[in-house]
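Structural description and commentary
Chain by chain, the residues:
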Amino acid sequence: MRMAELSERSGVATATIKYYLREGLLRPGRRVSATQAEYDEDHLRRLRLVRALIQVGRMPVATAREVLVAVEDESLDRHKRIGAAVWALPHGSPGPAGDGEGPDEVREEATRAVDEALERIGWTFSRAEGDSSPAYRMLVDAVAGLSRTGYPCAPADLLAYARSAADLGAVDLDMVERYEPGAGQVEAAVALTVLYEPVLLGLRRLAEAEESNRRFGGGG
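The notes below deal with the structure included here. (Residues numbered from 1 in each chain as written. Predicted model: local features only at pLDDT ≥ 70, side-chain atom pairs only at ≥ 80, totals over all residues. Heavy atoms only, no water.)

**A closer look at the packing of helix H1 (residues 3-10) against helix H2 (residues 14-22)**
The packing of two helices is summarised by the inter-axis angle and the distance between the axes. Two elements in contact, H1 and H2, have axes separated by 9 Å at closest approach and are oriented at 105°. By the angle between their axes, H1 is roughly perpendicular relative to H2. Two secondary-structure elements touch here, H1 through Met3, Leu6, Ser7 and Ser10 and H2 through Thr14, Ile17, Lys18 and Leu21. (Axes fitted to C-alpha atoms, helices over the stretch in contact; angles between N-to-C directions. Helix = DSSP H or I, 4+ residues; strand = E, 2+ residues; numbered from the N terminus. Parallel < 35°, antiparallel > 145°, perpendicular 65-115°, else oblique. Contact = heavy atoms within 4.5 Å.)

If you want it as structure tokens, here you go:
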């Protein structure tokens, strides 16, 4: 296919495709003349992955390039390939931070609470990865932020959320497995992680409204 068709099928603008080519995120097409090249289905799959990383996942180009190297590393299993992409997604740190002076006792206590909850639910991989995992750091920062604002989060509270999250994690991976192994599943993992987070937030708030109505409202 020519670049115009590649753009149409991928939903990525021609100018953006040319940028990805210059940055080495997409391999050059097969030259058919001095000014034109042809592209194939491999280009289309790679372009969709690049779009997921940069446009959906909002990764810097340099980070996306590192992820693409991991995705193409056949010595890595699917878990590590998908993990390389999801871990590279932006991870926010909600809640007030410490003052940066001296030991952060609140964060240390939050770390202990998170570790206890992970141990009790049996998440040995996440417990072993610890601070090397951006999701772990995000969780610890969030728990510390809750404590600093007067809403301490005990291990038992975390455990209740973790049990619900375990079910969601299984649903997420069931959806990922619907797609082609390799780049297709990495693309799906990135896109679904980012795009379903607003869905989860919306459902949580609706659930809270239903429960509030049941407890405190008319119940009808």
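**Some remarks on the pattern of salt bridges**
One pass over the full model with this rule turns up 15 salt bridges. Linking Arg2 and Glu38 is a salt bridge whose minimum nitrogen-to-oxygen distance equals 4.0 Å. Taken together, the positions of Arg2 in the segment before H1 and Glu38 in strand S2 (residues 37-38) put the pair 36 residues apart, joining distant regions of the chain. Note that Asp141 is salt-bridged to Arg107, the shortest N-O span being 2.8 Å. On the criterion of sequence distance, the pair formed by Asp141 in helix H8 (residues 134-148) and Arg107 in helix H6 (residues 105-121) is long-range, its members being 34 residues apart. The partly exposed category is assigned to Arg107, whose relative accessible area is 23%. The network of salt bridges with common partners includes Arg2, Arg30 and Glu38. (Salt bridge = Lys/Arg side-chain N within 4 Å of Asp/Glu carboxyl O. Buried < 20%, exposed > 50% of the residue type's maximum accessible area, 1.4 Å probe, protein only.)

**What to know about the packing of aromatic side chains**
Using the criterion set out here, one finds 1 aromatic pair in the structure. Ring centres of Tyr19 and Tyr20 lie 6.0 Å apart, and the angle between their planes is 50°; on these two criteria the pair is classed as tilted. We classify Tyr20 as buried; its relative accessible area is 3%. (Phe/Tyr/Trp six-rings, centres within 6.5 Å; stacked < 30°, edge-to-face > 60°.)

These figures come from the coordinates and say nothing about function on their own.
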